[in-house]
Amino acid sequence: MIETKNILELFKPIVKEVLESMLKEEREIYLENNPPTKGNGFYERDLKTAFGELTAIRVPRTRDNGFKSALLPYRKRITEDLDALIRAMLISGMSTRKIAEVLKELYEIKISYDNISRISQVGIEEIQKWRSRPLMEEYAVVFLDAMVFPIKRDRVENESIYVAIGITPEGRREILGYYLPGGMESAYNWREILLDIRERSVKQIHFIVSDGLSGMKNVITEIYPHAKYQPCVVHVMRNILAKVRVQHRNIIATEIKEVFHAKDKQEAEQLFMKFIQKWKNIYPNLMNNLLTIRENIFTYMELPEGIRSMVYTNNALERLFKELKRRLKTMEMCQSEASAEKYLYLLLRYQNEKFLKRKLKNWEYYFQLYREQHSYTKENIHSEVIL
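The numbering scheme is per chain: residues are counted from 1 as the chain's sequence reads. Given that this is a predicted model, residues contribute local features only at a pLDDT of at least 70 and side-chain atom pairs are listed and counted only at 80 or more, while totals for whole chains, interfaces and linings are drawn from all residues. In computing side-chain properties, one takes all heavy atoms of the structure into account and sets aside hydrogens as well as water.

A.B. asks: Hey, could you run me through the pairing of strand β3 (residues 138-152) in this one?
C.D. replies: As a general feature of sheets, a regular strand has side chains that alternate between the two faces. Most of β3 is tucked away: 13 of the 15 residues are buried. Inspection of the sheet shows β3 paired to strand β6 (residues 204-210) by 5 bridges, in the parallel sense. The residue bridging Tyr139 from the neighbouring strand is Ile205, located in β6. When DSSP finds two or more bridges between two strands, those strands count as paired. Helix and strand definitions here come from DSSP, where helices need a minimum of 4 consecutive H or I residues and strands a minimum of 2 consecutive E residues; each element is numbered from the N-terminal end. Note: β3 against strand β4 (residues 156-167), 12 bridges, orientation antiparallel. Pairing of Pro150 across the sheet is with Asn158, part of β4. To sort residues, take the accessible area from a 1.4 Å probe on protein chains only and compare it with the maximum for the residue type: under 20% means buried, over 50% means exposed, and anything in between is partly exposed.

A.B. asks: Explain the packing of aromatic side chains here, please?
C.D. replies: Describing an aromatic ring pair means giving the distance of the ring centres and the angle of the ring planes. Aromatic rings from Phe, Tyr and Trp, taking only the six-membered ring of Trp, are treated as a pair when their centres fall within 6.5 Å; an angle between ring planes under 30 degrees marks them as stacked, one over 60 as edge-to-face, and anything in between as tilted. Tallying each qualifying case throughout the model produces 12 aromatic pairs. Remark: a charge is flagged as sitting over a ring if the NZ atom of Lys or the CZ atom of Arg is within 6 Å of the ring centre and within 35 degrees of the ring normal. Its end group placed over the ring of Phe42, Arg27 keeps NZ or CZ at 4.8 Å from the ring centre. Of note, Arg58 hangs over the ring of Phe42, and the distance from its end group to the ring centre comes to 3.9 Å.

A.B. asks: Could you clarify how one ought to interpret a positive patch on the surface in this entry?
C.D. replies: Taken together, the side chains of Lys24, Arg58, Lys354 and Lys357 make up a positively charged region of the molecular surface. The topology assignment puts Lys354 in helix α14 (residues 337-356). By relative accessible area, Lys354 is classed as partly exposed at 44%. Each patch is assembled from residues with relative accessible area greater than 30% and no salt bridge, linking like charges that lie within 9 Å and nonpolar side chains (Val, Leu, Ile, Met, Phe, Trp, Tyr) that lie within 5 Å. Each accessible area is a Shrake-Rupley result for a 1.4 Å probe, and residues are judged covered by the shown protein chains and nothing else. A side-chain nitrogen of Lys or Arg and a carboxyl oxygen of Asp or Glu constitute a salt bridge if their distance falls within 4 Å. The charge count includes Lys and Arg as positive and Asp and Glu as negative, but it does not include His or the ends of the chains. Taken as the charge location is NZ of Lys, CZ of Arg, CG of Asp or CD of Glu.

A.B. asks: Explanation requested: the confidence of the model for the chain in the structure shown.
C.D. replies: Across the chain, the average pLDDT comes to 83, with 79% of residues at 70 or higher. The predictor attaches a confidence to each residue, and that confidence, scored 0 to 100, is pLDDT. Whether two residues touch is decided by their heavy atoms; if any such pair falls within 4.5 Å, the residues are in contact. In the predicted structure, residues 74-80 sits below a pLDDT of 50 and forms 17 contacts with residues beyond four places in sequence or in another chain. Scored below 50 in pLDDT, residues 382-387 makes 17 contacts in the model with residues more than four places away or belonging to other chains.

A.B. asks: Explain the packing of helix α7 (residues 233-242) against helix α8 (residues 246-260) to me, please; I cannot follow it from the model alone.
C.D. replies: Any two packed helices are characterised by how steeply their axes cross, that is the angle between the axes, and by the distance between the axes. With axes taken as lines fitted to C-alpha atoms, and helix axes fitted only over the stretch in contact, angles between N-to-C directions fall between 0 and 180 degrees. Where α7 contacts α8, the two axes come as close as 10 Å, and the packing angle between them is 155°. Considered as vectors, α7 and α8 are oriented roughly antiparallel to each other. In this structure, the crossing between α7 and α8 has a hand that is right-handed. Contacts between α7 and α8 involve Val233, Val236, Met237, Ile240 and Leu241 from the first element and Arg249, Ile252, Ala253, Ile256, Lys257 and Phe260 from the second. For classification purposes, an angle smaller than 35 degrees is called roughly parallel, one larger than 145 roughly antiparallel, one from 65 to 115 roughly perpendicular, and anything else oblique. Whether a crossing is left-handed or right-handed is set by the direction in which the near helix is turned from the far one by less than a right angle, anticlockwise for left-handed and clockwise for right-handed.

Quick look at the structure:
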């Protein structure tokens, strides 16, 4: 059982994000009522709450210095905004009993289980709406990967949590969706996920990056026949190093990095074959397996050099999974599929909002070069998908 103290620590970042969101909304209302003035950035302050001290809270300012938040200090504010906080905690998968304990410590008031349950339904509707939202018609790259985490159904078992992240032609990352179909990772489940993405308006994907799961290339070719498949280079390198002797790892790691950092596809293929020839007598099965993915392993070389390193690995998903596991670890396991979905929604939607606020450096320029070289236009996007 998770102690109340741990629960409070778990929700500190959630409370901070909810509070900062409400502060920005307060300023928007002030600006609407005071049209001569404008926003003037933020200042930071710390705030002591029952969750512990929240540090570096971004408090909005206005040019006329007239904006004063009614939310600070936080514990004096008990309004309809409390519903938003309750929904956030419910979406995180905590029980109504635990939430009641937290709110009692935070606000020194009691909220009935019935009211908490009523608000919970709003959270479920929000999840369904977000997960089925229409996507863009075109994505430059889509990254596919899965992480394993224990989920309780009739009993606790490890299951794969599938996540898809896209990069738009303008260079904005977007979490396209997350999925809990049950069981461990399989190409069949990825097929269903790609069908869902296609049904949500995605007509063209230029590159799809995933690990070397058996059957992935066939699934991608079926659903997005014009997408170019790129096995994740990091997964390939890990697989190689896991299957060679310790005394060979450093030299093999250096040589394979030289292959993937070549200046162009021709040089990469030459270095690759040189690498195969050097090690085929010592590791024949491993080298034969590498030859089977030769056709797709240098797909990223078709892009301009300035953005290749952003495409040939699943690093964006690896970092996201690391953060998910760090937060989920506090829960030890998800008590049900519903609680898992709610917690993932909370974390991934917040992360998605952060992704969409910024563009990857130089992406738009280099990807436009790629599109021009391959004669891609908006008019021909609709011909890319075979329905």
